[in-house]
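Structural features, examined
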Amino acid sequence: MNRFEDRLAEADVLIADGATGTMLQEVGVPPVSLNLDRPDVVRKLHQDYIAAGAELILTNTFAGSRPQLERMGLGDKLRRINLAAARLARETAGDKALVLGDIGPTGQLLRPLGNLSYKEAVSFFAEQATTLAEGAVDAILIETMSDIDEIKAAVEGVRRVSDLPIIASMSFDTHVHTMMGVRPDIAAVELSRLEVAAIGANCGRTLSDNLRAIQQMRTAAPAAVLMAKPNAGLPRMKAGNAVYSVTPQEMANYARKFVGLGVKIFGGCCGTTPGHIRAITNALRNKHQNSDE
């Protein structure tokens, strides 16, 4: 087993970091480009999450696949962007946290609904995973997926180039289904068959929706190792900026509910901040402290 698998086996729960994209987007450029242009900003975010108690931090590579980067005019920088992100996270984490290489959707629909073939998708994911592995990440997180075939392609792509542990997570953001209509129980069964290190739900809509998704996954796959990384609720626009309503205290209270369902990895997605992670840490680790301190 590698370091991630060792920690996962030992821990009751591992605390992951919070949002990356929504924390970095205020800079005004694509967050992924900051790995090259403003590494100090990315490094500071990692440091803040680790100081708040995060034991797992994600590389700033959610949009690091070729289709995503080409849409931003950054396709020729794929290797540099992903490698810089992995090394930034690795150097910042040191011995204080583990690093998950973050892989998100391609942003394209697979055939027959779109033009992307399964084989092409596997190749895109393998390309990104190659560089993340070179950057010495501890495991790969495939997240915010809505299509079972795409997440299978991502797992296959990672395994084609690496033997790193994989976490496979989907977003149940449409009435506790994914955008493509996948139910949490079906997802749990299908993802368990891939024999990944953990499966889960991230992003989504509300905390209660994510909790329902995890409940259904637990029922359908009782032996699965589960991860949850929900949003801080739904955003509302205020002065042109997205504002998330869930407070650190509310997130911390829900963290206990998720862990009560056997979730072994818990963190936050869109709208969550180091303040949320600090409250979660207090709630799950320092049980006698007030979780909104």
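The structure presented is a predicted model; accordingly, all values stated were derived computationally and were not measured.

Here we look at the overall build of the protein
Each helix and strand counted, the protein has twelve helices and ten strands in total. Taken against the 2.2 N^0.38 rule, which gives 19 Å for 293 residues, the C-alpha radius of gyration of the protein at 17 Å falls within 12% of a compact globule. Expressed as lengths along the three principal axes of its C-alpha atoms, the size of the protein is roughly 50 × 45 × 45 Å. For the protein, the residues scored as buried account for 56% of the 293 residues in total. Within the protein, contacts between residues separated by at least 24 positions form 77% of all contacts whose residues are at least 6 apart in sequence. Accessible area for the protein stands at about 12300 Å²; split by element, carbon and sulfur atoms hold 50% of it. Both charge centroids of the protein, one from 32 positive and one from 33 negative side chains, sit 2 Å from each other.

Topic: the packing of aromatic side chains
With the rule as written, the count across this model stands at one aromatic pair. Ring plane angle 40° and centroid distance 5.2 Å describe the contact between F258 and F266, whose orientation is recorded as tilted. F266 sits in the buried class, given a relative accessible area of 0%. Sitting above the plane of the Y254 ring, K257 keeps its charged end 4.3 Å from the centroid.

Observations regarding the side chain of R90
On the secondary structure map, R90 appears in helix 6 (residues 78–93). Residue classification places R90 among the buried positions, given a relative accessible area of 17%. The residues contacting R90, other than those within four sequence positions of it, are R3, A97, V99, G135, A136, V137 and D138.

How each quantity is defined
- Residues numbered from 1 in each chain as written.
- Predicted model: local features only at pLDDT ≥ 70, side-chain atom pairs only at ≥ 80, totals over all residues.
- Heavy atoms only, no water.
- Helix = DSSP H or I, 4+ residues; strand = E, 2+ residues; numbered from the N terminus.
- Rg over C-alpha atoms; globule rule 2.2 N^0.38 Å.
- Buried < 20%, exposed > 50% of the residue type's maximum accessible area, 1.4 Å probe, protein only.
- Contact = heavy atoms within 4.5 Å.
- Areas by Shrake-Rupley, 256 points an atom, 1.4 Å probe, with all protein chains shown as cover.
- Lys, Arg positive; Asp, Glu negative; His and termini not counted.
- Charge placed at Lys NZ, Arg CZ, Asp CG, Glu CD.
- Phe/Tyr/Trp six-rings, centres within 6.5 Å; stacked < 30°, edge-to-face > 60°.
- Lys NZ or Arg CZ within 6 Å of the ring centre and 35° of its normal.

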